[in-house]
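If you want the building blocks of each chain, they are given just below.
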Amino acid sequence: GNFCFIGGFGFPFVFRTLMIARYGVHLEQKTFENRTSDFVWMLMINMMILLPLKFIVPSVSQPFYSSSLIFAMLYLWSRENPTQNTSIMGMIRMPAFYLPWGMMALTVLMGGDPVPDFLGVLSGHVYYFFSVLYPRQSGVHFLKTPQWVEAAVGSVFGNPVIRAASNIAQPNEARRFVGRGRRLAD
């Protein structure tokens, strides 16, 4: 399975790219704020859920799982923002909790296959259950981000907490520019 190929250029490609920009970026910047390694671990867990499906249930095998991964992010976003009002293409308004199902219905109406979308919702739910719902009830965290993922992400992206702290001027250090500016890398 491949998670990088979204498809040939066309309406589905543009639609999926916009879903990444809207829901994936929001997840990374809000839900997983200052927790890049947890975001990467969430993506890895969803990939590990999706990949063996072709061996377990061959009838749902997909050559590319990017659509499923995008729908997993959409599902997680909808669970984190269930009461937020949203819309499908600016026309059909609904609470965010129902958005994955509305998008799946749109896929069917446009003649697409809903199986990849459903697999994404399924993997997103498995992740959400074991990372949020089950720990909330039992106190047991199965999906805690391993140290090796934190180390790998830290070596690639740096530690965001340390990076943010390095922007603070020392008391004896002269500052040339004073203001509320934001660095482009942040």
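Residues numbered from 1 in each chain as written. Predicted model: local features only at pLDDT ≥ 70, side-chain atom pairs only at ≥ 80, totals over all residues. Heavy atoms only, no water.

Participant: What is the right way to read the environment of Val-132 from this model?
Facilitator: With respect to the helices and strands, the residue Val-132 is situated in helix α6 (residues 115-138). Considered as a pair, Val-132 and Leu-143 are eleven residues apart in the sequence and their alpha carbons are 9.4 Å apart. (Helix = DSSP H or I, 4+ residues; strand = E, 2+ residues; numbered from the N terminus.)

Participant: I keep staring at helix α2 (residues 36-50) and nothing clicks. Help me out?
Facilitator: One turn of an α-helix holds 3.6 residues; hence residues three or four places apart share an orientation. Helix length check: α2, at 15 residues, gives a terminal C-alpha distance of 21 Å against a target of 21 Å (1.5 Å per residue), a fit within 8%. Restricting attention to buried positions, one finds in α2 the residues Ser-37, Asp-38, Phe-39, Trp-41, Met-42, Leu-43, Ile-45, Asn-46 and Leu-50. (Expected span 1.5 Å × (residues − 1). Buried < 20%, exposed > 50% of the residue type's maximum accessible area, 1.4 Å probe, protein only.)

Participant: Looking at this structure, how should I read helix α1 (residues 11-31)?
Facilitator: An ideal rise of 1.5 Å per residue puts 30 Å on 21 residues; α1 measures up with 28 Å between its terminal C-alpha atoms. In the structure, α1 departs most strongly from a straight axis at Ile-20, where the bend amounts to approximately 25°. Among all positions of α1, only Phe-15, Arg-16, Met-19, Tyr-23, Gly-24 and Leu-27 are buried. On its buried side, α1 packs onto α2, α4 (66-80), β1 (85-88), α5 (99-109) and α6. (Bend = angle between axes of the 7 residues up to and from the residue. Contact = heavy atoms within 4.5 Å.)

Participant: How do you make sense of the packing of α2 against α6 when you look at a structure like this?
Facilitator: Geometry of a packed helix pair, given as the angle between the helix axes and the separation of the axes. Where α2 meets α6, the closest approach of the two axes is 9 Å, and the angle between their N-to-C directions is 125°. Taken as axis vectors, α2 and α6 run oblique relative to one another. Considering how the two elements wind past one another, α2 and α6 form a crossing that is right-handed. Where α2 approaches α6, its residues Asp-38, Met-42, Ile-45, Asn-46, Ile-49 and Leu-50 are matched on the opposing element by Leu-119, Ser-123, Gly-124, Val-126 and Tyr-127. Looking at the contact of α2 with α6 residue by residue, the classes come out as seven nonpolar, three polar and one charged. (Axes fitted to C-alpha atoms, helices over the stretch in contact; angles between N-to-C directions. Parallel < 35°, antiparallel > 145°, perpendicular 65-115°, else oblique. Left-handed = near helix turned anticlockwise from the far one by under 90°. Nonpolar A, V, L, I, M, F, W, Y, C, P; charged D, E, K, R; others polar.)

Participant: Please explain the side chain of Ser-67 as it appears in this structure.
Facilitator: Structurally, Ser-67 is set in helix α4. On the basis of relative accessibility, which here comes to 14%, the residue Ser-67 falls in the buried class. Apart from the residues within four sequence positions on either side, Ser-67 is in contact with Arg-16, Pro-116 and Asp-117.

Participant: Help me out: how do you make sense of the packing of aromatic side chains in this one?
Facilitator: Each aromatic ring pair is specified by the distance between its two centres and by the angle formed by the two planes. Inspection of the entire model under this criterion finds nine aromatic pairs. Centre to centre, the rings of Tyr-23 and Trp-77 are 4.7 Å apart; their planes meet at 55°, and the pair counts as tilted. Placement of the pair is Tyr-23 in helix α1 and Trp-77 in helix α4, with a sequence separation of 54 residues. Look at Phe-97 and Tyr-98: their rings are 5.3 Å apart centre to centre, the planes differ by 90°, and that puts the pair in the edge-to-face class. Ring-pair connections join several aromatic residues into one group, and the members of that group are Phe-129, Phe-130, Tyr-134 and Phe-142. (Phe/Tyr/Trp six-rings, centres within 6.5 Å; stacked < 30°, edge-to-face > 60°.)

Participant: Looking at this structure, how should I read the pairing of strand β2 (residues 92-95)?
Facilitator: Along any regular strand, the residues point their side chains to alternate faces of the sheet. For β1 and β2, the ladder comprises four bridges, and the chain directions are antiparallel. Bridge assignment links Ser-87 to a residue of β2, and that residue is Arg-93. Between β1 and β2, which follow one another and run antiparallel, lie three residues, and Met-89 among them has a positive phi close to 55°. (Pairing = 2+ DSSP bridges.)

Participant: Just to check I follow, could you spell out the nonpolar core for this structure?
Facilitator: Among the nonpolar cores identified, the biggest contains 30 residues, and Met-19, Leu-27, Met-42, Leu-74, Leu-99 and Met-103 are the most heavily contacted of them. For this core, the secondary structure elements donating two or more residues are α1, α2, α4, α5, α6 and α7 (147-157). The element contributing the most residues to this core is α4, with eight residues. Excluding residues that lie within four positions of it along the chain, Met-42 makes contacts with Leu-27, Phe-32, Met-73, Leu-76 and Tyr-127. Ranked by size, the runner-up nonpolar core spans five residues in total, among them Leu-50, Val-60, Tyr-65 and Leu-119. (Core = buried A, V, L, I, M, F, W, Y, C linked by side-chain atoms within 4.5 Å.)

Participant: In this structure, what is going on with unusual backbone geometry? I would like to understand it.
Facilitator: Glycine aside, the phi torsion of most residues is negative, and most peptide linkages are trans. Of note, Asn-34 is a non-glycine position whose phi angle comes to about 60°, a positive value. Among the structural elements, Asn-34 can be located in the loop between α1 and α2. Among the residues examined, Asn-34 registers a relative accessible area of 53% and is labelled exposed.

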